[in-house]
Amino acid sequence: MAYQCTVSAFTYRFNDLKELLAKASPLRSGDTLAGLTAESYEERVAAQMCLADLPLATFLNEALIPYELDDVTRLIIDTHDKIAFAPISHFTVGDLRDWLLSDEADTVTLQQLAPGLTPEMVAAVSKLMRNQDLILVARKCEVVTRFRNTVGLQGHLSVRLQPNHPVDDLKGIAASMIDGLLYGSGDATIGINPATDSPAATARLLHMINEIRERFEIPTQSCVLSHVTTTLQLIEQQVPVDLVFQSIAGTEKANASFGVTLPLLQEAYEAGLSLRRGTLGENLMYFETGQGSALSSGANHNVDQQTCEVRAYAVARHYKPFLVNSVVGFIGPEYLFDGKQIIRAGLEDHFCGKLLGLPMGMDICYTNHAQADQDDMDTLLTLLGVAGISFIMGVPGADDIMLNYQSTSFHDALYLRRVLGLRPAPEFEAWLLRQGIMDNQGNRLSTTAQQQFYAALLPV
Amino acid sequence: MDAIAYSMNELKKSGLESDDWESLKAYTNARIALGKTGVSIPIGESLRFKMAHAHAKDAVYSHLNVADLQTNLAGTGLPVHYVRSQADNRDTYLQRPDLGRLLDESSAEKLTQLNSQPADVGLIIADGLSASAVNTYAPIVVPLLVQAMGEAGFSLAPIVLVEQGRVAITDAIGGILRPKLAIMLIGERPGLSSFDSMGAYLTYAPEPGLTDERRNCLSNIREQGLPPVMAVNKLMWLIQSAFRLQLTGVALKDNDDTSSDSLAIG
């Protein structure tokens, strides 16, 4: 079905829903690369005006990617909660935007609405929202998840400690872990990107973190971000797997390029549950996503990259994840060219994920060929802190020496906690106090207890 | 502190606190034990980081020293031809990888008119994401490699020097010059710890439409990484293997585990 909007004397015509969504998207290089962007500034706003008048129910009747062709579409349609949708079923996309910003849309109402929203509805409304709108609504959403501690409570900011090393050297990784823990990072997870996907190497890393965690009774969870098939194999071998990681995308074909299917994710989720390692809760999946992944695998079906990204969140929420993060600037300038595009995408991803009920964090990051720098990351970090982000990355000095990109540092996390008065996950904060690592103002202490801690961990 | 105290007493220079675990730096090149002022990174490290990023950015926007390279490579005795991709400036190159994989019209015409006889190996040199890397290491690696290939009895096509080129422009060039094997030397995406790292990609029977799993890669060619002489030795092993198996790509395993066969550059 075609959609149209008349501006002055000219009528813009959009052949189908996916063209309308693509042309209504704020400019980004990936959509230009895909040949999907509006041809003028006027056409973009015309598309947004047209989208604002579109009934939300349209998304339930017109699939962007055919139901028969794509299992992510089937998942979205088959699990849509019509009862949760009923109160807004008469809304247009523009009505939804205004209502989300209203005082009626409070935390509890938004939580009840989440299962009634499809990713396409959420992507559509985000395209009509300014950055401050994305922040204001996201801040009202609260998504709390539990494994060995509690992530996502309002007023709290957790950190994934990311102690990567180019050749997975155990001492090198332990050194970065100690540094991070002593700077108050590591409550979201201690998560290593392995340099190779070898099961034996992954198992060694998992045993190492597990030993340190048990010895010091650290209330957190470990993760080695290997492919889900590797993790499944390790679970069978009784290796101590806490969180089950996988990169996912928003179309069946893009997921295939990551080597995953929905049944495989279900199998991994159930295998993780079978270990019963969570003490406070059973959220245990850790998903990573990022705008542009569908196009980069030739699997975007001419759907704009932001809408594809939000479809990935529908995949994620099916498995009740503990953590989800968008690796927003990692993909490179052909998808998000500069700081402005990365910042916009970061705010969109956080908002869309939270509104759909996901424990959203973000790898606030860039590569050296993108037009961005640490100042842009500071801006996005601060905005996401205000928006109530659940967790960020903690990389030593923000420089990942294995993946060769820049993210956020342990210091950055302390900055955000300080300027916004945010606290670590409650169980982890209690541990930091007990260990004498920090006081209850988030100030680092220099105590004998702390010295004993790292001295005990010093590689011999 | 009140205004009078402020004006009369010199302020303490800083509340800089170092970390007691600096000894851990021996185990990793990660930026650990940085110390802090308040909760922030001290100025020394802040500037070191900025300088590393500046080097990386300068490398991304650096230009091939075409004239110098042509002079230098002429020493191999092979003709050197300069061509361009369809990305006509760096910002287009960064945003449109598809254009960096195609020859511009006049370049394609120029190579076609050479009417050169198909050779065993064609060497292609491209700026990629760090022309600095190529400016530094191509003049060292190419003469060694040409000599080694000559001694091994391989015939060589003219050298092609590409500006604004991606790895897959190999296929466009290969489709015209028809070498049995193409070797591309290209600047890799700069990291904070290395902005001058060159990669080498091998493609057997290059022609338009190939995908990256049909190539082999040797990365991190630089003094502090894989030094030029070692790189040439490894390349010769890969070249001999490619001709023996008549293919490159995932089926050609690099059994020497000190190298990487990642295909990170798109």
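Remember, predicted model here, so these are calculated numbers, not experimental data.

### A few points about the overall build of chain B
- Counting its secondary structure elements, chain B contains nine helices and six strands.
- In terms of overall size, chain B is more extended than a compact globule, its C-alpha atoms giving a radius of gyration of 23 Å where 266 residues would be expected to give roughly 18 Å.
- The C-alpha extent of chain B, read off along each of the three principal axes, is 85 × 40 × 35 Å.
- Among the 266 residues that make up chain B, the fraction classed as buried is 52%.

### A closer look at the interface of chain A and chain B
- At the junction of the two partners, chain A supplies 45 residues and chain B supplies 39 residues.
- Buried area between chain A and chain B, both sides added, is near 3,500 Å², and the carbon and sulfur share of it is 59%.
- The tally of links between chain A and chain B comes to one salt bridge.
- Ionic pairing is found between Arg31(B) and Asp399(A), a salt bridge with its closest N-O pair at 2.7 Å.
- Of the residues belonging to the side of chain A that touches chain B, the class tally is 20 nonpolar, 17 polar and eight charged.

### Side note on the pattern of salt bridges
Residue and element names in this part refer to chain B.
- Applying the stated criterion across every chain, the model contains 27 salt bridges over all chains.
- Glu 45 is the partner of Arg 31 in a salt bridge, and the nearest nitrogen-oxygen pair spans 3.2 Å. Placement of the pair is Arg 31 in the loop between α1 (3–8) and α2 (43–60) and Glu 45 in helix α2, with a sequence separation of 14 residues. The exposure classification of Arg 31 matches that of Glu 45, with both residues buried.
- Close ionic contact of Arg 84 with Glu 163 constitutes a salt bridge, the shortest N to O distance being 3.1 Å. In this pair, Arg 84 sits in strand β1 (residues 80–84) while Glu 163 sits in strand β3 (residues 159–163), placing the two residues 79 residues apart along the sequence.
- Here Glu 163 falls in the buried class, since its relative accessible area comes to 12%.

The rules behind these values
- Residues numbered from 1 in each chain as written.
- Chains lettered and ligands numbered in written order.
- Predicted model: local features only at pLDDT ≥ 70, side-chain atom pairs only at ≥ 80, totals over all residues.
- Heavy atoms only, no water.
- Helix = DSSP H or I, 4+ residues; strand = E, 2+ residues; numbered from the N terminus.
- Rg over C-alpha atoms; globule rule 2.2 N^0.38 Å.
- Buried < 20%, exposed > 50% of the residue type's maximum accessible area, 1.4 Å probe, protein only.
- Contact = heavy atoms within 4.5 Å.
- Buried area = accessible area lost by both parts, 1.4 Å probe.
- Salt bridge = Lys/Arg side-chain N within 4 Å of Asp/Glu carboxyl O.
- Nonpolar A, V, L, I, M, F, W, Y, C, P; charged D, E, K, R; others polar.

Functional significance is not addressed by these values, which are geometric in nature.
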